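This is what each chain is made of:
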Amino acid sequence: MKYFLSLLVIVASTRYGSSIGNLNTTRTVVKELTVSNGGNYGFWTPEQFCPEGTFALGYNMKIEGNQFAGDDTALNAIRLICGDLSGHLKVGADITSGTGPFGTWEKTETCNEPYHDANFLTAFALQVEAPQGSGDDTSANYVKFYCRDLDGHNAETELVRAPGVGYWGSFGEWSQSCDNSTAICGLATKVEPVQGGGDDTSLNDAVFYCCELKENPGNVVGK
């Protein structure tokens, strides 16, 4: 039998802080993006944020392929690719929350730039397999995003790594979107620790954070 822990977080212009080398990642979170179909197993791991002045403009996934007769885990981690307001990648500023030990990293996918506007991640959807009872659970299998320019001049466009779906489960409804002048700037993931011979699922759920174009001092939380 598996046990699970749920976490409910209410965000109201809260400041979160951490560090990536010498880069300042203290950010003002104005909206939290969640989905209703996340998996039940594991624990929430620490949130991570793009450096100040940058937003997520792409992502990649750590995925374990089909193990056939073995134990499958599918999606093990999500990495966000941070870039500045011109759409240039910020070297050394890719961010990942909790990471499962299985699988390999896929190719990075980044937002297109229609009309020469930098586009950033603004919403997500998660493919999740429901609990299998006595069968092999995998929980989260795949993630996809919407992209949009910060000012909201252009419609959101879907960004997903081919072939667009994982092996098991189905996509739930899309999260809410970041408002105009905001975009995804950070994430936290819910990951089940290795079960030591039991049924592993690794990544089960994710939450993404929207930050403002202009930072608001607010209250600092974290490091």
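Residues numbered from 1 in each chain as written. Predicted model: local features only at pLDDT ≥ 70, side-chain atom pairs only at ≥ 80, totals over all residues. Heavy atoms only, no water.

Novice: Explain the pairing of strand 12 (residues 119-128) to me, using residue names and the numbers behind them.
Specialist: In regular strands, side chains alternate between the two faces of the sheet. The buried count for strand 12 comes to 10 of 10 residues, which makes it a mostly enclosed element. Pairing analysis gives 9 bridges linking strand 12 to strand 13 (residues 140-149), with the strands arranged antiparallel. Paired with Asn119 across the bridge in strand 13 is Asp149. Bridge count between strand 12 and strand 15 (residues 170-171): 2 bridges; the pairing is antiparallel. Pairing of Val128 across the sheet is with Ser170, part of strand 15. (Buried < 20%, exposed > 50% of the residue type's maximum accessible area, 1.4 Å probe, protein only. Helix = DSSP H or I, 4+ residues; strand = E, 2+ residues; numbered from the N terminus. Pairing = 2+ DSSP bridges.)

Novice: Tell me about the state of the cysteines, residues and numbers included.
Specialist: Disulfides are covalent bonds that connect the sulfur atoms of two cysteines. Under the criterion given, the structure shown has 4 disulfides. Two residues, Cys111 and Cys147, share a disulfide whose sulfurs are 2.1 Å apart. Because the sign of the S-S torsion sets the handedness, a value of about -75 degrees for the bond joining Cys111 and Cys147 places this disulfide among the left-handed ones. On the criterion of sequence distance, the pair formed by Cys111 in the loop between strand 11 (109-110) and strand 12 and Cys147 in strand 13 is long-range, its members being 36 residues apart. Classification of Cys111 as buried rests on a relative accessible area of 10%. (Disulfide = S-S within 2.5 Å.)

Novice: Residue-level account of the pattern of salt bridges, with values.
Specialist: Per the counting criterion, the structure on display carries 3 salt bridges. Residue Glu106 is joined to Arg161 by a salt bridge in which the shortest nitrogen-to-oxygen separation is 3.9 Å. Remark: Arg161 occurs in the loop between strand 14 (157-159) and strand 15 and Glu106 occurs in the loop between strand 10 (104-105) and strand 11; sequence separation between them is 55 residues. Residue Arg161 pairs with Glu109 through a salt bridge whose shortest N-O separation is 3.3 Å. Of the two residues, Arg161 is situated in the loop between strand 14 and strand 15 and Glu109 in strand 11; the sequence distance between them amounts to 52 residues. The pair formed by Arg161 and Glu109 is uniform in burial state, with each residue classed as buried. Connected through shared salt-bridge partners, Glu106, Glu109 and Arg161 make up one network. (Salt bridge = Lys/Arg side-chain N within 4 Å of Asp/Glu carboxyl O.)

Novice: Outline unusual backbone geometry, supporting the account with residue identities and numerical values.
Specialist: Ala162 connects to Pro163 through a cis peptide bond whose omega is 10 degrees. Turning to its location among the elements, Pro163 is positioned in the loop between strand 14 and strand 15. The backbone of Ser139 sits at a positive phi, close to 60 degrees, despite the residue not being glycine.

Novice: Could you give me a rundown of the pairing of strand 17 (residues 203-212), with the residues and numbers involved?
Specialist: For strand 17, a buried count of 9 out of 10 residues is recorded, marking the element as mostly surrounded by other parts of the structure. Direction of pairing for strand 4 (residues 27-33) relative to strand 17: antiparallel, over a ladder of 4 bridges. Across the sheet, residue Glu32 finds its bridge partner in strand 17, namely Tyr209. Relative to strand 17, strand 16 (residues 182-191) is paired through 9 bridges, and the arrangement is antiparallel. The residue bridging Thr189 from the neighbouring strand is Ala206, located in strand 17.

Novice: So, the side chain of Asp200: which residues are in play, and what are the values?
Specialist: Among the secondary structure elements, Asp200 is positioned in the loop between strand 16 and strand 17. A polar contact of 2.7 Å, which involves the side chain of Asp200, links it to the backbone nitrogen of Gln195. (Polar contact = N/O pair within 3.5 Å; in protein donor to acceptor, adjacent residues only side chain to side chain.)

Novice: Outline the nonpolar core, listing residues and values.
Specialist: Membership of the largest hydrophobic core comes to 32 residues, with the highest contact counts inside it found for Leu80, Leu121, Phe145, Ile184 and Phe208. Of all the elements in the fold, those that place two or more residues in this core are strand 7 (55-63), strand 8 (75-83), strand 12, strand 13, strand 16 and strand 17. Here the element with the most residues in this core is strand 13; it accounts for 5 residues. (Core = buried A, V, L, I, M, F, W, Y, C linked by side-chain atoms within 4.5 Å.)

Novice: Describe in detail the sheet that holds strand 12, supporting the description with residues and values.
Specialist: Spatially, the 4 strands line up as an open sheet ordered 14-13-12-15, and their pairing is antiparallel. Edge strands, defined here as strands with exactly one partner in the open sheet, are strand 14 and strand 15.

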